[in-house]
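# Examining the three-dimensional arrangement
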Amino acid sequence: MGQALIRAAQWTSAKGGSGGKLEFTKLNEELLNSIIQFVDGFSAKYPEETKLVFKKPLTWQTIVSPDAINLPGLEDRGGDKISEAKADKDVPLFSLKRDGSDFECSCMTMEYCEQVLRAAGDKKMIELRACLEANRDPVANMLGERFATVEGDDNSIFRFIEEITKEIEQLAKQHAENEGNTEKQEEIEEKKLILKMRLILLRLDQQLLNQSIAQITKDVRLTPVMVDGEVSILQELSGEDERKHVLELIDFWGDGYVFKNGCRAPPQRQLHGDIAYIEVRPFDGNMLYITANTSGYYVNKGPDNRGDMNYEREGDAYRELVTLLKDKSAHFAEMIDKQEFHLKVQEKDDYMDARKVEEDDEDKESTAGYRPERAKQKTEEDSKDKGQKQKTQKKKRLEPSLKWKALGMEEYQEPDTRAEQKKLKKKKASPRMKTKTPIDADDTFSESSTESEEEEEAVERRSETNADLPSEYWQIQKLVKYLKGGNQTATIIALCSMRDFNLAQETCQLAIRDVGGLEVLINLLDTEEVKCKIGSLKILKEISRNTQIRRAIADLGGLQTMVKILRDPDKDLKCLAAETIANVAKFRRARRTVRQHGGIRKLVGLLDCPIVSATNPEADKDAEVARSGALALWSCSKSKKNKEAMRKAGAIPLLAKLLKSPNENMLIPVVGTLQECASEPSYRLAIRTEGMIEDLVKNLKSQTDELQMHCASAIFKCAEEKETRDLVRQYGGLDPLVSLLQKTDNKELLEAATGAIWKCAISPENVTRFQELRAIEQLVGLLNDQPEEVLVNVVGGLGELAKDPPNRLLIRKAGGIPPLVNLLTGTNQALLVNVTRAVGQCAEEQDNMAIIDKLDGVRLLWSLLKNQNPDVQASAAWAICPCIENAKDAGEMVRSFVGGLELIVSLLKSEHREVLASVCAAIANIAKDEENLAVITDHGVVPMLARLTNTYAWKGSKFQSKVMSSHQVINKHQLSYVEILTLPHL
Amino acid sequence: MSVIKRQDLAKMTEKLLKRKECKFEKHEIEKLITMFVSITGGVNNKLDRTKFRDVLHISFNMTDDILMDRVFRAFDQDSDNYLSHEEWVIGLSTFLKGAQDDKIKYCFVVYDLNGDGWISREEMFQLLKTSILKHSSEEDQDENIKELVELILKKMDHDHDSRLSMSDFKQAVESEILLLEAFGPCLPSPKLRDAFLEELSQEQAKY
């Protein structure tokens, strides 16, 4: 088995070293299994050989404990097991000794080996591994060094046979001369035994090798020739042009020296199976360094600063370089598929011809013109009950519908338009890009399903209104004809003329789409003509304000092309592409597409512009590029994964830099992006640590409402953290926030400002400042006539401010309590949570409580306990506590609520901890009144509380103890029961 | 390959540098004159139409015969059907480095086929004749081009006299820069232009 172990088995590190381990591979597993089978039952098959004493013991760290082995003839010596039978001198045939925390096993015969393996039970495999790892050449140990496995011809066995036969002859001779040389005879017997053993092992070796050949042929290992071949193929497909090439660069890493064996890796690495290192720069990612190992391709950690390669493996090994790259680069996967597509196109064309013949009569009708076609369609519409099949057929004929593209049915377009388009677009988007869309639509997003419905509706509606099309429709159709059939000059004229239409008008937008203009416009983006691209993007930018157009652009693969344009050297082009992306990426699927095609990184790249105070045209352009990049990122940042991608692409420091810009046009998208991203804790931290709070505060004082709004909104989100709140105060941000409360007609601004005030008021220091700024009076003033979104924040702010006792008085004086109580009748749950909290805070004051009581506020609070939302329930229950504490004659009041006590006790069944805690607190207050206590006891409050105390050790226990203390007065029996349960939690 | 005397070269460069239409640097002018000499074979030789068209075709990838012809006319200021080295340098100055106004004037001259100061319907038709790729019948083709001409007039003819004057053209281009080459490419694409300028600024003479 020596050869098999050395050649077939896969060792993790260089051969020869003692540290080598058997890799966990299928091949090794099979080898080990075969060896186990061989050893198992060895003694039964070869009773003589099994007792053959090894030349050297097999020694290894075992997992078998001495107790597990019980054999006759074993002697227990202080936990160690040692066989009584000895080989020559003092060495026992078997020993199992404690060696530190492990056990060391040492065997001299196959018999014992078999026993140990048997004792290992289901861990046989581990045991055998350990044994083989410790004894790299077991045959040598067993039969002596002469049988050690060697490379090349192994004729040890023949020499041995010769030796034996010679000895036997000799013996026979001696025998004739001198009778009874038993010593010699025994020696020969033993040698014979060794020979037999050797033959048995040799057979096993052969068996193992055969087995592993069968395995190995299944997965061919890499050779230098294969690596060279794969790399050179990819090199041919690589180059500068993102639209043509699969990779920007692929080459071998290193000094380019090729060893005689074809490897490029340094010799010491060749020992590990490395063949070469490949550096790959994809269009949409960082440089990849790939190790070509005999076992496959995998990504390594790349060279360090000094240019030394870090060979450590990252991620999986791949059989083919292409598969690896497909996984690493979306662009590569897409382009590689496109390479295949060129071949497929021809097949499809053949197929098309066949279809054309089939549909010949239908075509005649459709070439007759647009109008009759539509009339026919209308009749079809009338007979709607003709079923689904008819419906799809109808779609097939409706020439400019986008639906086919989405369905991947573009092949069924009218043949001549197709031919025209083919001329125009040198490169067509890959089929995968398009068919991907419908697949994505199934992508478990509920949103996507409504999307497709929406689209369907749009198509239906369109065909209904076909009867009286506006004149623009026909004019646009004519222009699109020029776009399709004209050269660059005609195209530009058509594009410029198209821009003269009112592109903000839906009729024109949809007309462009319906006459197939979008496809052409998007195809133009794939050409080399900068002017055509600019003209096309100028139109796309305008019409993408329409939601249907956005979806159509995404369906047609326009985003992918625009993302590519972001790398164009022409700055105008970059701006337009980014602005269009900003419009299109307003819905989820589009945002995902942008991310998946590396758009986020490119957009972040646009942000990097030098800020120069001097105005020169070049700097203005750069600023404009950055602005459009920020605009696109603003749209994209509505998706969580995009925020993450932006952060990884290093957007934060760039945004921080742009935030210093004096230009408001720049600031709005930048702050907009920031406030969108501030929902993520990582951004909040960064906004604070990068010193952006100061700039945000500064811009709060801007003259533009929109900018102020985004700043306030960003502060609103960031002020969840204490440090941020402090910074806002230190930079003097509280004053402008309060002054924004004056802008009562701009609801969005008001919402953001009040939100920021709310969150800032969580810090007591800020509360003081707000007090000075008379924020409370202004907030109370906003309690009337504001939409709910504003009210939520206003009331939230009042709730926070009212934590400071003097403010409670101020709220009362400002007349804030009646409107607050009034809001308790609302239905907006977020608002109710805040209102109940604010009312609860106000109720801490006796005088306030009187007003609340008069307005029947407690009853309203109580009725909110019936609300479905646990947050509202909890908040209401917390608010009830101070009410009961501070109301005059609270006991009577509580009793007056019919069914109220039963209700609150029943909430103890709730599953929400916060509800339970708040209800317990309320019950503690209720129980202060003896009569009420009796009632709630009747409702079974005690066993319920007892059950809770069993379950939780939490916030509520403090309040439960209050309940318990109330109980003490009345019911000693129950107390003892409850107290025992409660005490450990207190 | 003919050689030009260092002295002559310096003198000519000096002279051209003084002209304000010339936007080239000194070394660029020298390079351009060397180039001129290598094409024509002598500094006092003149560049004829065919050779000039070769340059346009090779360096700037222009293909349209009518337009290349017109570009030559625009370069050939004294209308003697040949370009002198001065016309060559000055022409290329607008061609490669012209300001927007210069380019508008240049394009207008190119498009004004008969040189009467107006771009008429007929001239437009002539210029746009090849702009629509293939279409069924001859009549249909003409019809389409006429429609295209109407589109242009609607867009650019501000004084509604059915022809474009210099001021019409200027106004239209200023509001939409894409219309600068409204009747066909007569300026180098940015990529080729930059490549050419790059070559000029290199020290080693290629020609």
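Scoring rules and cut-offs
- Residues numbered from 1 in each chain as written.
- Chains lettered and ligands numbered in written order.
- Predicted model: local features only at pLDDT ≥ 70, side-chain atom pairs only at ≥ 80, totals over all residues.
- Heavy atoms only, no water.
- Helix = DSSP H or I, 4+ residues; strand = E, 2+ residues; numbered from the N terminus.
- Buried < 20%, exposed > 50% of the residue type's maximum accessible area, 1.4 Å probe, protein only.
- Contact = heavy atoms within 4.5 Å.
- Areas by Shrake-Rupley, 256 points an atom, 1.4 Å probe, with all protein chains shown as cover.
- Patch = residues over 30% accessible without salt bridge, like charges linked within 9 Å, V, L, I, M, F, W, Y side chains within 5 Å.
- Salt bridge = Lys/Arg side-chain N within 4 Å of Asp/Glu carboxyl O.
- Lys, Arg positive; Asp, Glu negative; His and termini not counted.
- Charge placed at Lys NZ, Arg CZ, Asp CG, Glu CD.
- Core = buried A, V, L, I, M, F, W, Y, C linked by side-chain atoms within 4.5 Å.
- Disulfide = S-S within 2.5 Å.
- Buried area = accessible area lost by both parts, 1.4 Å probe.
- Nonpolar A, V, L, I, M, F, W, Y, C, P; charged D, E, K, R; others polar.
- Axes fitted to C-alpha atoms, helices over the stretch in contact; angles between N-to-C directions.
- Parallel < 35°, antiparallel > 145°, perpendicular 65-115°, else oblique.
- Left-handed = near helix turned anticlockwise from the far one by under 90°.
- Expected span 1.5 Å × (residues − 1).
- Phe/Tyr/Trp six-rings, centres within 6.5 Å; stacked < 30°, edge-to-face > 60°.
- Lys NZ or Arg CZ within 6 Å of the ring centre and 35° of its normal.
- pLDDT = per-residue confidence, 0-100.

## Thoughts on the overall build of chain B
Scanning chain B from N- to C-terminus turns up 10 helices and 2 strands. What you see in chain B, going N to C, is helices and strands ordered as α-α-α-α-α-α-β-α-α-β-α-α. Put simply, chain B has 207 residues, and 47% of those count as buried. Taking the contacts inside chain B whose residues are at least 6 apart along the sequence as the reference set, 61% of them involve residues at least 24 apart. Of the roughly 10,700 Å² of accessible surface on chain B, a fraction of 49% belongs to carbon and sulfur atoms.

## Structural notes on a negative patch on the surface
A cluster of acidic residues, A:Glu48, A:Glu183, A:Glu186, A:Glu187 and A:Glu189, forms a negative patch at the surface. Residue placement: A:Glu183 occurs in helix 8 (residues 182–218).

## Examining the nonpolar core
Ranked by size, the top nonpolar core spans 254 residues in total, and within it A:Trp862, B:Trp88, B:Phe95 and B:Phe183 carry the most contacts. In terms of residues, this core owes the most to one element, helix 48 (residues 870–886) of chain A, which gives 9 residues. Leave out the neighbours within four places in its chain, and B:Phe183 touches A:Thr489, B:Leu67, B:Tyr111, B:Ile119, B:Met124, B:Leu127, B:Leu128, B:Ile152, B:Leu164 and B:Phe169. Formed by 47 residues, the second largest nonpolar core is a distinct cluster that contains A:Phe54, A:Ile69, A:Leu132 and A:Val139.

## Here's the deal with the side chain of A:Ser329
Here A:Ser329 shows up in the loop between helix 11 (321–328) and helix 12 (330–358). With near-sequence residues (within four places) excluded, A:Ser329 lies in contact with A:Pro282 and A:Asp284.

## Some words on the pattern of salt bridges
All names here are of chain A. Using the criterion set out here, one finds 53 salt bridges over all chains in the structure. With its nearest N and O atoms 3.1 Å apart, the salt bridge here joins Arg 513 to Asp 514. You'll find Arg 513 and Asp 514 in the same group, each marked buried. Here Glu 644 and Arg 647 are joined by a salt bridge, their closest N and O atoms 2.7 Å apart. Here Glu 644 pairs with Arg 647, and both are found in helix 31 (residues 640–648), just 3 residues apart, close to one helical turn.

## Thoughts on unusual backbone geometry
Unlike most non-glycine residues, B:Ser79 shows phi in positive territory, near 50°. Note that B:Ser79 resides in the loop between helix 4 (65–75) and helix 5 (85–97).

## What about the state of the cysteines?
Residues and elements named next belong to chain A. Applying the stated criterion across every chain yields a total of 0 disulfides over all chains. In this structure Cys 105 is not part of a disulfide, and its nearest cysteine sulfur, from Cys 107, lies 4.0 Å away. Of all cysteine sulfurs, the one in Cys 496 lies closest to Cys 532, which takes part in no disulfide; the gap is 9.9 Å.

## What about the interface of chain B and chain A?
Contacts between chain B and chain A engage 22 residues on the former and 22 residues on the latter. Counting each side, the surface lost to burial between chain B and chain A is near 2,000 Å², with a carbon and sulfur contribution of 59%. Interface area lost by chain B to chain A is led by B:Leu151, B:Lys155 and B:Leu178, which between them contribute 29%. Linking chain B with chain A are 5 salt bridges, by the criterion used here. For A:Lys538, the salt bridge goes to B:Glu176, with nearest N and O atoms at 3.4 Å. When its residues are assigned to classes, the side of chain B that touches chain A shows 11 nonpolar, 5 polar and 6 charged.

## Thoughts on the environment of A:His710
Residues and elements named next belong to chain A. Note that His 710 resides in helix 36 (residues 705–718). Note on His 710: relative accessible area 5%, which makes it buried. Separated by 42 residues in the primary sequence, His 710 and Ile 668 place their C-alpha atoms 7.3 Å from one another. Apart from the residues lying within four places of it in its own chain, the contact partners of His 710 are Trp 634, Ile 668, Val 671, Gly 672 and Gln 675.

## With respect to the packing of helix 22 (residues 506–514) of chain A against helix 25 (residues 547–555) of chain A
Residues and elements named next belong to chain A. Interaxial distance between helix 22 and helix 25 falls to 10 Å at its minimum, and their mutual angle equals 20°. When the interaxial angle is binned, helix 22 and helix 25 end up roughly parallel. The element helix 22 and its partner helix 25 pack so that their crossing is left-handed. Note on element contacts: helix 25 touches helix 22 through Gln 548, Ile 549 and Ala 552, opposite Glu 506, Gln 509, Leu 510 and Arg 513. Residue composition of the contact of helix 22 with helix 25, by class: 3 nonpolar, 2 polar and 2 charged.

## As for helix 20 (residues 471–485) of chain A
Residues three or four positions apart in an α-helix share a direction because the helix packs 3.6 residues into each turn. With 15 residues, helix 20 of chain A should cover 21 Å at 1.5 Å per step; its first-to-last C-alpha distance of 22 Å lies within 8% of that length. Among the residues of helix 20 of chain A, those classed as buried are A:Tyr473, A:Ile476, A:Leu479, A:Val480, A:Tyr482, A:Leu483, A:Lys484 and A:Gly485.

## Topic: the packing of aromatic side chains
Any aromatic ring pair is given by two values, namely how distant the centres are and how the planes are angled relative to each other. In this structure the tally under the stated criterion is 16 aromatic pairs over all chains. Relative to B:Trp88, the ring of B:Phe36 lies with its centre 6.2 Å away and its plane at 45°, an arrangement referred to as tilted. In this pair, B:Phe36 sits in helix 2 (residues 26–40) while B:Trp88 sits in helix 5, placing the two residues 52 residues apart along the sequence. With centroids separated by 6.2 Å and ring planes inclined at 70°, the aromatic side chains of B:Tyr111 and B:Phe169 adopt a geometry described as edge-to-face. On the criterion of sequence distance, the pair formed by B:Tyr111 in helix 6 (residues 100–111) and B:Phe169 in helix 9 (residues 166–175) is long-range, its members being 58 residues apart. Note on accessibility: B:Tyr111 and B:Phe169 belong to one class, buried. Taken together, the ring pairs in this structure connect B:Phe52, B:Phe60, B:Phe72, B:Phe75, B:Phe95, B:Tyr106 and B:Phe196 into an aromatic cluster. Seen from the ring of A:Phe587, A:Arg551 lies directly overhead, with NZ or CZ sitting 4.5 Å from the centre. Looking at A:Lys759, its charged tip hangs above the ring of A:Trp758, at a distance of 4.1 Å from the centre.

## Description of the confidence of the model for chain A
Residues and elements named next belong to chain A. Model confidence for chain A is summarised by a mean pLDDT of 76, while 76% of its residues fall at 70 or above. In the model, residues 14–18 has pLDDT below 50 throughout and makes 5 contacts with residues more than four positions away in sequence or in other chains. Contacts for the low-pLDDT stretch residues 968–986, under 50 throughout, to residues beyond four places or in other chains number 25 contacts.

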